[in-house]
Amino acid sequence: MLEKPMKNLILISSAIVLLLFSCSKDKSMSSDTGNSSTGEGGSMAAMTIMGDYMYRIAGGNAIEVYNISADSSAELATILNPGSGLETLFPYGKYLLVGTTSGMLIYDVTNGANPGYVSRYDHVVSCDPVVAQGNYAYVTLRDGTRCNRAANQLEVVDLSDITNPQRLTTIPMQQPHGLDADGDNLVVGEGSYGFKWFDIKDPVNPKQLKFENRVPCFDVISQGDHFIVVGSNGLYQYKYGTGTLEQLSVIPVSAN
Amino acid sequence: MGKYFTLFAGIVLLFAGCTRDNRMYYSYNYMGFKPIYASSGTLKDLIRTTSAKPLSETGKIYVKGNLLLVNKPFSGVHVIDNTDPSKPLNKAFLEIPGNIDVAMKGNFLYADYAGKIAVIDVSDMDHPRITQSVELDTKYQQYPPQADMTNRWSSRTYFECPDPAKGVVVGWLYTNLKSPKCWKNQ
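If you're wondering where the values come from, they're calculated on a predicted model, not measured in any experiment.

Parameters and conventions
- Residues numbered from 1 in each chain as written.
- Chains lettered and ligands numbered in written order.
- Predicted model: local features only at pLDDT ≥ 70, side-chain atom pairs only at ≥ 80, totals over all residues.
- Heavy atoms only, no water.
- Helix = DSSP H or I, 4+ residues; strand = E, 2+ residues; numbered from the N terminus.
- Buried < 20%, exposed > 50% of the residue type's maximum accessible area, 1.4 Å probe, protein only.
- Salt bridge = Lys/Arg side-chain N within 4 Å of Asp/Glu carboxyl O.
- Disulfide = S-S within 2.5 Å.
- Phe/Tyr/Trp six-rings, centres within 6.5 Å; stacked < 30°, edge-to-face > 60°.
- Lys NZ or Arg CZ within 6 Å of the ring centre and 35° of its normal.
- Contact = heavy atoms within 4.5 Å.
- Buried area = accessible area lost by both parts, 1.4 Å probe.
- Polar contact = N/O pair within 3.5 Å; in protein donor to acceptor, adjacent residues only side chain to side chain.
- Nonpolar A, V, L, I, M, F, W, Y, C, P; charged D, E, K, R; others polar.

Caption draft 1: Structural detail: the environment of A:Leu141. Residues and elements named next belong to chain A. When you line up the elements, Leu-141 lands in strand β11 (residues 136-141). Owing to a relative accessible area of 0%, Leu-141 belongs among the buried residues under this scheme. Taking the C-alpha atoms as reference points, Leu-141 and Gln-175, 34 residues apart in sequence, are found 8.0 Å from one another.

Caption draft 2: Spatial organisation of the pattern of salt bridges. Following the criterion strictly, the structure yields 12 salt bridges over all chains and no others. One salt bridge in this structure joins A:Asp52 and B:Lys105, with 3.2 Å as the shortest N-O distance. Linking A:Asp52 in the loop between β2 (47-50) and β3 (53-58) with B:Lys105 in strand β8 (residues 102-105), this pair reaches from one chain into another. On the basis of relative accessibility, which here comes to 36%, the residue A:Asp52 falls in the partly exposed class.

Caption draft 3: Quick peek at the state of the cysteines. Residues and elements named next belong to chain B. Scanning the model with the defined rule gives one disulfide over all chains in all. Shown here is the disulfide that connects Cys-161 with Cys-182, its sulfur atoms set 2.3 Å apart. For the disulfide bridge between Cys-161 and Cys-182, the dihedral angle about the S-S bond is near 115°, and by the sign convention the bridge is right-handed. Highlighted residues: Cys-161 in the loop between β12 (156-159) and β13 (168-178) and Cys-182 in strand β14 (residues 182-185), separated in sequence by 21 residues. When sorted by exposure, Cys-161 lands in the same class as Cys-182, which is buried.

Caption draft 4: Region of interest: the packing of aromatic side chains. Within this structure, the stated rule accounts for 12 aromatic pairs over all chains. These aromatic residues form a ring-pair network of at least three members: A:Phe195, A:Trp197, A:Phe227, A:Tyr236, A:Tyr238 and A:Tyr240. A cation over an aromatic ring shows up here: A:Lys196 above the ring of A:Phe211, its NZ or CZ 4.7 Å from the ring centre. One residue, B:Lys184, lies across the ring of B:Tyr143, its end atom 4.9 Å from the ring centre.

Caption draft 5: Structural view of the side chain of A:Asn185. Residue and element names in this part refer to chain A. Looking at the element boundaries, Asn-185 is found in strand β15 (residues 185-189). With relative accessibility at 13%, the residue Asn-185 sits in the buried group. Non-local contacts of Asn-185, meaning those with residues more than four positions away in its chain, are made with Asp-180, Trp-197, Phe-198, Ile-200 and Tyr-240.

Caption draft 6: Examining the interface of chain B and chain A more closely. Listed by partner, the interface residues are 47 residues for chain B and 62 residues for chain A. Buried surface at the junction of chain B and chain A, both sides included, amounts to about 4,300 Å², of which 59% is carbon and sulfur. Between chain B and chain A we count two salt bridges in total. Our count for the contact surface shared by chain B and chain A stands at 18 residue pairs in polar contact (both at pLDDT 80 or more). If you list the elements that add at least two residues to the side of chain B that touches chain A, you get β2 (29-38), β4 (61-64), β5 (67-72), β8, β9 (108-113), β10 (116-121) and β11 (129-132) of chain B. Residues that form the side of chain B that touches chain A fall into these classes: 24 nonpolar, 14 polar and nine charged.

Treat this as a map of the structure, not an account of what it does.
Okay, structure coming up:
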């Protein structure tokens, strides 16, 4: 049994650690229109804002860095050329995760104008967005016209040593597209096949809770107690329940 | 002298890199890029808010506060008031020709367009105000930027030859092309 002051210290420090990790993604659902607050994109995003800088994948082989400190303008500051097959960008604390057709690249954006290369994670060639939460990244791999000889799977990658990402888990999927990890919930779009909801209380071993095969899902954003799914049938929103999902609303796609 | 040589070499490379094939072939299909046009006009005229459109083709989504933006590929974004997720209100459509990705900071919306970034003040969503105009990239009007990518599968990128008479090229769509007449070698 620890003494009380020691216990408090541990509590406070773990709270701070948790706070730091939770900063990787702003989940606040306020009507905040403050002048510096940024929004949140889905995992398919090829453009993301971190502080005074915006990062954008251009032409699949360059990351453009824009200075947006003036808000009303975007000044091209730097262009990185890390190779081909760049697809998605995800902000992760002070790191920028780049989903590529051959894996994931990690940049340190402490100096926003000049991202520093940290490490890379390689897998078979495929299309793959990436999201991350806590010490773990969730990467989907998918086949498709531009993603040759691919596998269809979800991978859990350990980022605790950011310089050396390690694959921990592989889960076979059908045709995974966008995904989002949020607290205990992970939602993975399966393209035209629907979407899957996983429990990630144990972040290393996602446990599938539901496979909704009637709602095609291209991209997803989770917002705490509910999530938004977009696909060829429309825009669906669900509330997380205990083992079940409650559909809140749908804006259907209509042919026009 | 060196400067002129570089310029000369550049021009030679430009011509060598882009090929228009006028020979007759049997009809064939290739995956390649198709230009998406916006009728000519200045950017200020092209970016505007129109009345809400029903969702048709859906693209990426973006959330800021109670605002939910749903991209319509190469067209713009549906503006949805998501204050109550059980009753989302499709409020308007922000036309941004060529747009695929958006991001927001404060009341400013950053949107890709013709290979560049447009900055739009959306504090009054009904009256979006462009705060950074976009100059058109001449290269983007000629061939898809993907043609400059190092491609491990093929050194040649096919595309449909752009026709300036159809307007400004605001996007390049990867699709199946029937007998494309244009390509670019790396």
